[in-house]
Amino acid sequence: MRTKNSRKKIVILIVVLLLLAAAAVLFYMLTTPRITLNGDRKMEVTMAEGYTEPGAEASFSFKDITGHIEIDSQVNDGKVGTYTVTYTVNYLRKTATAKRTVNVVDREPPVITLTEGDRISIRPGQEFRDPGATAIDDSDGDVSANITAKGFVDRYNKGDYEVDYTVSDSYGNRAKATRTVTVEGEPVKEVRGVIYLTFDDGPSNNVTPEILDTLEKYKVPATFFIVDYGSDKNKLKTLKRAIADGCTIAVHGSSHDYSKIYTSVPAFMDNVTSLRDKIKSDLDYAAFAMRFPGGSSNTVSKSYSKGIMKKLVKDVQKEGFMYNDWNVDSTDASGNNIAVDEIVRSVQERCSKDTFNVILMHDSDAKGTTARALPAIIKWAKEEGYTFRAMTINSPTVHHDVNN
Ligand code: ZN
């Protein structure tokens, strides 16, 4: 009986062991290593902050096998792109993998360095040569060539002028730096005995061509501050001829209607930039100068927007325009059909050989007498020894006192 009992115990033991072994095999078959990523499965990092590997944890059932993880990271945080990090754990001949996607993005704008610093001063009349700027970007490298500078330094008038330098990298991060150019101190030599003939409110189909005929005959250039010429092919032809003849085209404004243009700063700026853009696209011509309808001293703008002129004189320069009033009024705008003699006399009385002369005239349809006065004005001025020039970016400017 004893042996029988012992045998029975052994069998039970074997069965239990077999069951345990089977359970162990089953457990092994059903258990896989698990990887848990620290941090997000999809990460976005900037080039500036860089990528720090957050790692992962791994377990096999209740056993921590983090130490068995191998990390294969393709991330290059010095370069924009999408990268994959692969986490692999091998344990008891079982493998688990997990992947993380890392987006490296560039949010850093280039760094602009203004050559010669952010403040420069020049004397009135002294030529302003922009010393330029350099720009380095973390992804694009040297982007100095893409810098655009905007702002007009009126070297003939004392004051502070701002020039904005902007540049973007290929990911749209934009940098801007501003330089203040101060025109101050004793003026350098002035332009003397020069006449700048300027005609506002054109082009017209009768007066402007007649003026161009006269200018051509006497080999004299002029500057035209124009308004919108619509889609008039003849007017476009006239403007092309003016440019070909050595004249310059400048902006008066798409509209001349005070009640529209002087209601707000944006309305005014749009009125001048839209015409500048139109001239650029129609004539491939970069108009740099503008004249305020009514001049910068006008008071009519007061009834539409108080104090607007104080802002506009700054803003047009920031937009890159040279604005130019006049110091010789031909009086042709004091009414229609002002007598030829009166126009000629007004110019003669007001011109001075001690300085430069920006003569205000008009070439809209109603200014026939202006066109007829022009030959006498040119003949007289030539006899007196004046020289004629078209306005250029380096021409002297006249600024009236701002009254609004
Ligand atoms: Zn005008």
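**Some thoughts on the overall build of the protein**
1) Next: Helices and strands together make up the secondary structure of the protein, namely eight helices and 22 strands.
2) Next: Against the globule reference of 22 Å for 404 residues, the protein gives a C-alpha radius of gyration of 39 Å, more extended than a compact globule.
3) Next: A principal-axis box enclosing the C-alpha atoms of the protein has dimensions of 155 × 45 × 40 Å.
4) Next: Buried residues in the protein amount to 47% of all 404 residues.
5) Next: Total accessible area on the protein stands at roughly 21,100 Å², and carbon and sulfur atoms take up 50% of it.
6) Next: Across the protein, the centroid of the 52 positively charged side chains sits 11 Å from that of the 54 negatively charged ones.

**Some points on the coordination of the zinc ion**
1) Next: Looking at the zinc ion, one finds its protein donor set to be Asp201 (OD), His252 (NE2) and His256 (NE2), positioned 2.1 to 2.2 Å from the metal centre.
2) Next: Taken in sequence order, the residues that donate to the zinc ion follow the motif D-x50-H-x3-H. One end of the pair, Asp201, is in the loop between strand S15 (194-200) and helix H2 (207-218); the other, His256, is in the loop between strand S17 (248-253) and helix H4 (258-261), with 55 residues separating them in the sequence.
3) Next: His256 sits in the partly exposed class, given a relative accessible area of 28%.

**Quick notes on the sheet that holds strand S3 (residues 56-60)**
1) Next: Sheet architecture is open: three strands sit in the order S1-S3-S4, paired in antiparallel fashion. For this open sheet the edge positions go to strand S1 (33-37) and strand S4 (63-64), each flanked by a neighbour on one side alone.
2) Next: Bridge count for S3 against S4 is two bridges, and the pairing is antiparallel. The residue of S4 that forms the bridge with Phe60 is Lys63.

**Some details on the environment of Ala339**
1) Next: Turning to its location among the elements, Ala339 is positioned in the loop between strand S20 (328-329) and helix H7 (340-350).
2) Next: A sequence separation of 30 residues divides Ala339 from Thr369, and the C-alpha atoms of the two residues are 6.5 Å apart.

**Observations regarding the side chain of Glu319**
1) Next: Secondary-structure assignment places Glu319 in the loop between helix H6 (308-318) and strand S19 (322-323).
2) Next: Assessed through its relative accessible area of 18%, Glu319 is described here as buried.
3) Next: Among the polar contacts listed, one links the side chain of Glu319 to the side chain of Lys150, at a separation of 3.3 Å.
4) Next: Once residues within four sequence positions are removed from consideration, Glu319 is found in contact with Lys150, Met269, Thr273 and Arg276.

Scoring rules and cut-offs
Residues numbered from 1 in each chain as written. Predicted model: local features only at pLDDT ≥ 70, side-chain atom pairs only at ≥ 80, totals over all residues. Heavy atoms only, no water. Helix = DSSP H or I, 4+ residues; strand = E, 2+ residues; numbered from the N terminus. Rg over C-alpha atoms; globule rule 2.2 N^0.38 Å. Buried < 20%, exposed > 50% of the residue type's maximum accessible area, 1.4 Å probe, protein only. Areas by Shrake-Rupley, 256 points an atom, 1.4 Å probe, with all protein chains shown as cover. Lys, Arg positive; Asp, Glu negative; His and termini not counted. Charge placed at Lys NZ, Arg CZ, Asp CG, Glu CD. Donors = N, O, S within 2.8 Å, 3.2 Å for Na, K, Ca; no water. Pairing = 2+ DSSP bridges. Polar contact = N/O pair within 3.5 Å; in protein donor to acceptor, adjacent residues only side chain to side chain. Contact = heavy atoms within 4.5 Å.

Keep in mind these numbers describe shape, not what the thing actually does.
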